[in-house]
Amino acid sequence: MLGAGAGAGVTASAPAAGAPALADVLRVAAAAWRRFRGGRALDAALDEALRDWRAPASPRLGAAAQDAAYTAVRHLALAEAVVARLAAKPPAPAVGALLAVALGQLYAARHAEYAVVDQAVAAARADAQTAAAAGFVNALLRNALRGGAGLRAELSRDPAVAANAPRWWLDRLRRAYPGEWPELATHAQQAPPLLLRVNRRQIGVAAYLDLLRGQGLAATQVGTVAVWLHSPRPVAEIPGFAEGLVSVQDAGAQLAAEWLDVADGMRVLDACAAPGGKTAHLAELAALTLDALEADPARAARIEPNFARLGLPAHTRLRVLIADGAQPARWADGSRYERILLDAPCTASGIVRRHPDIPWLRRAGDIAQFATRQRALLASLWPLLAPAGRLLYAVCSLFPEEGERQAQAFLAARPDARLRTLPGQRDGMRQLLPSVASPAPWTGGLPALHDGFFFALFEKSE
Ligand SMILES: C[S@@+](CC[C@H](N)C(=O)[O-])C[C@H]1O[C@@H](n2cnc3c(N)ncnc32)[C@H](O)[C@@H]1O
């Protein structure tokens, strides 16, 4: 996730006092962009581009390149439409990448226009793959500026450009949400709010809000233990983070542990656990015997350090199991769980404002593929649930194939499953659409600010 104002502190002229030159920032971001357009997730692409940078990259260069790359992804459809309109033929990939990140800087007004053009040309000249195209880069960026708001408005008449999404993605959203899709597309392009979960084993929400106020930081309670910190910042600068007072977690994601309704002494399975955000929340809520299952060993390695930071090992009997949830014969020991959380792998279409690369990394067929994996996980985990036990199915998706339709198909296939009313709700499933900050104070119920999620709570007959 982005730190606040990472674009600040970049120098558009001579580098001074460790500030990275904008030309270097554009080069690193463009290298990441090429990998990303080749199919890599943006964060992985940035890590690789920084690793390959000619000198050890400073944290400031890393932060600025991350900001430039995320900014470019938030303007991807427009930038590519501008290049398609203004270039006589498609530019070479290295040149197209530099143009995309430079146009992102122009459209987000991160720096003076002349400085962006000047530094993009310097970046082009500094690299053998783009040097010959420095004049073209200069001309295209100047033409884009000359076209100004009129060119942008004209290209944005294409709904896929306005929504900054692949056409198939937008079509699927429109089909699922004929009324809401324009608002969903707008939300997806906004900078994500920074939400924290207060660790009630360490501090209460009111005391934590006082602590923030004491440091001059504006914040609002938006859920039971969810706090919206108005000015985003890196985790190292969040008061009490290192001491385990809080975790970074969306307020909608916080509903998962809350709605699973755990109590002291329960045996609980978190079936898709890494990096352990919801696992830790469960342990903050009750003293549990908790199995955290995760298929990816590198991701699983993040669960225990998270627990240690939050001071949770003293309250929980935690076992991290590295295995496939769809093959319980390989890891389950025969005893049943009273609660299961299945936070299943999904398209992540509900968290695009946090991960704007998602729509561009997916293919239309992915929705059905994720739905198949989710179905297999539900079918494999259900037999592990004790009679009268509850399984909460969760996905951070907006597509009904992964949400409501998945839950309905499960109910139809399992006569021993019934929907249990979600705590504080009227029914047993809930599709949350991403929301923006509400000026009204939170008075209970759903959080005032959250990403997109689907939840269904199933109970097994006795
Ligand atoms: C939505 S993420 C979980 C996020 C986590 N619950 C949290 O709150 O921090 C889904 C996780 O499921 C894991 N996963 C995917 N398929 C799996 C499987 N068949 N068995 C176990 N874990 C799986 C992925 O590696 C990923 O870490």
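Residues numbered from 1 in each chain as written. Predicted model: local features only at pLDDT ≥ 70, side-chain atom pairs only at ≥ 80, totals over all residues. Heavy atoms only, no water.

> I'd love a proper account of the state of the cysteines, names of residues and values included.
Put plainly, a disulfide is one covalent bond tying together the sulfur atoms of two cysteines. Enumeration over the complete set of coordinates arrives at zero disulfides. Left without a disulfide partner, C346 is nearest to the cysteine sulfur of C396, which lies 3.5 Å away. Residue C396 is classed as buried on the basis of its relative accessible area, which comes to 16%. (Disulfide = S-S within 2.5 Å. Buried < 20%, exposed > 50% of the residue type's maximum accessible area, 1.4 Å probe, protein only.)

> Before we move on, can you summarise the confidence of the model for the chain with the specific residues and values?
Model confidence for the chain is summarised by a mean pLDDT of 94, while 96% of its residues fall at 70 or above. Note on residues 1-8: pLDDT under 50 across the span, and 19 contacts to partners over four residues away in sequence or across chains. (pLDDT = per-residue confidence, 0-100. Contact = heavy atoms within 4.5 Å.)

> Lay out the nonpolar core with the relevant residues and their values.
Core analysis: the largest hydrophobic core is formed by 76 residues, its most contacted members being L342 and L391. When sequence neighbours within four positions are dropped, the list of residues in contact with L342 reads A271, C272, L377, L378, L381, L391, L392, Y393 and A394. In terms of nonpolar packing, the next biggest core, distinct from the first, is built from 57 residues, W33, F36, A45 and V73 among them. (Core = buried A, V, L, I, M, F, W, Y, C linked by side-chain atoms within 4.5 Å.)

> Mind laying out the sheet that holds strand β4 (residues 246-248), listing which residues take part and the relevant values?
Reading across from one edge, β2-β3-β1-β4 is the order of the four strands in this open sheet, with antiparallel pairing throughout. Each having just a single partner strand, β2 (219-221) and β4 make up the two edges of the open sheet. Each adjacent strand pair in this sheet contributes to an overall mean axis angle of 30°, direction not counted. Relative to β4, strand β1 (residues 194-198) runs antiparallel, the two being bridged by three bridges. Bridge assignment links L196 to a residue of β4, and that residue is V248. (Pairing = 2+ DSSP bridges. Helix = DSSP H or I, 4+ residues; strand = E, 2+ residues; numbered from the N terminus. Axes fitted to C-alpha atoms, helices over the stretch in contact; angles between N-to-C directions.)

> Let's hear about the environment of G252: which residues, and what values?
Within the secondary structure layout, G252 lies in the loop between β4 and α12 (254-260). Owing to a relative accessible area of 0%, G252 belongs among the buried residues under this scheme. It is 34 Å that separates the C-alpha atoms of G252 and V28, two residues lying 224 residues apart in sequence. In contact with G252, not counting residues within four places along its chain, are L432, P447, H450, F453 and F455.

> Tell me about the packing of aromatic side chains, and please be specific about residues and values.
Given two aromatic rings, their pairing is described by the distance between the two centres and the angle made by the two planes. Considering all chains together, one arrives at nine aromatic pairs under this definition. Judged by centre distance (5.1 Å) and plane angle (80°), the rings of W259 and F455 are edge-to-face. Note that W259 is positioned in helix α12 and F455 in strand β12 (residues 453-460), a separation of 196 residues in sequence. With a centroid separation of 6.5 Å and 90° between ring planes, the pair formed by W382 and F458 is classed as edge-to-face. Here F458 lies in strand β12 and W382 lies in the loop between α17 (366-381) and β9 (385-395), a separation of 76 residues in the sequence. (Phe/Tyr/Trp six-rings, centres within 6.5 Å; stacked < 30°, edge-to-face > 60°.)

> Account for the domain arrangement of the chain, naming residues and giving values.
Per the domain assignment, the segments making up the chain are domain 1 (22-157) and domain 2 (250-460). Between the C-alpha centres of domain 1 and domain 2 the distance comes to 37 Å. At the junction of the two partners, domain 1 supplies 11 residues and domain 2 supplies seven residues. Around 700 Å² of area is buried between domain 1 and domain 2 when both sides are counted, 68% of it from carbon and sulfur atoms. Our enumeration of links across domain 1 and domain 2 arrives at zero salt bridges. Seen at the junction of domain 1 and domain 2, the total is two residue pairs in polar contact (both at pLDDT 80 or more). When contributions to the side of domain 1 that touches domain 2 are tallied by element, the ones reaching two or more residues are α1 (22-37), α3 (59-73) and α4 (76-86). Its residues assigned to classes, the side of domain 1 that touches domain 2 comprises seven nonpolar, one polar and three charged. (Domains from an automatic or database assignment. Buried area = accessible area lost by both parts, 1.4 Å probe. Salt bridge = Lys/Arg side-chain N within 4 Å of Asp/Glu carboxyl O. Polar contact = N/O pair within 3.5 Å; in protein donor to acceptor, adjacent residues only side chain to side chain. Nonpolar A, V, L, I, M, F, W, Y, C, P; charged D, E, K, R; others polar.)

> Explain the site of the ligand to me, using residue names and the numbers behind them.
Neighbouring the ligand are 20 residues; E294, R299, D324, G325 and D343 lie closest to it. A295 has a polar backbone atom sitting 3.2 Å from a nitrogen atom of the ligand. R299 places a polar side-chain atom, nitrogen or oxygen, 2.6 Å from an oxygen atom of the ligand. Its free accessible area being 600 Å², the ligand has 84% of it covered by the protein chains. Among the residues making up the shell around the ligand, the classes are represented as 10 nonpolar, three polar and seven charged. (Near = heavy atom within 4 Å. Areas by Shrake-Rupley, 256 points an atom, 1.4 Å probe, with all protein chains shown as cover.)

> I'd like to hear about empty space enclosed by the protein, residue by residue, with values.
Using the criterion set out here, one finds four cavities of 30 Å³ or more in the structure. When its volume is computed, the largest cavity comes out at roughly 220 Å³. Secondary structure elements with two or more residues in the lining of the largest cavity: α9 (167-176), α10 (181-188) and α16 (358-361). Here the lining of the largest cavity is composed, by residue class, of 15 nonpolar, five polar and three charged. Taken as a whole, the second largest cavity spans an internal volume of roughly 40 Å³. Taken together, G223, T224, V225, A226, A251, Q254, L255, E258, W442, G445 and P447 make up the lining of the second largest cavity. By residue number, the principal contributor to the lining of the second largest cavity is α12, which donates three residues. For the lining of the second largest cavity, the residue count by class is six nonpolar, four polar and one charged. (1 Å grid on protein atoms, 1.4 Å probe; cavity = no way out; pocket = protein on both sides within 12 Å on 5 of 7 lines; lining within 4 Å. Points joined across faces, edges and corners; volume = space filled by probe spheres on them.)

> With reference to specific residues and values, describe helix α11 (residues 205-214).
An α-helical turn contains 3.6 residues, so a residue and the one three or four places further along point in the same direction. Buried within α11 are the following residues: V205, Y208, L209 and L212. Along the axis of α11, the buried positions cluster into a sector of 100°, meaning they face one direction only. In α11, the exposed positions that point more than 90 degrees away from the buried face belong to A206, R213 and G214. For α11, the elements touching its buried residues are β1, β2, β3 (226-229) and β4. Just downstream of α11, G216 is the residue with a positive phi angle, here 75°. (Arc of directions from axis to C-beta.)

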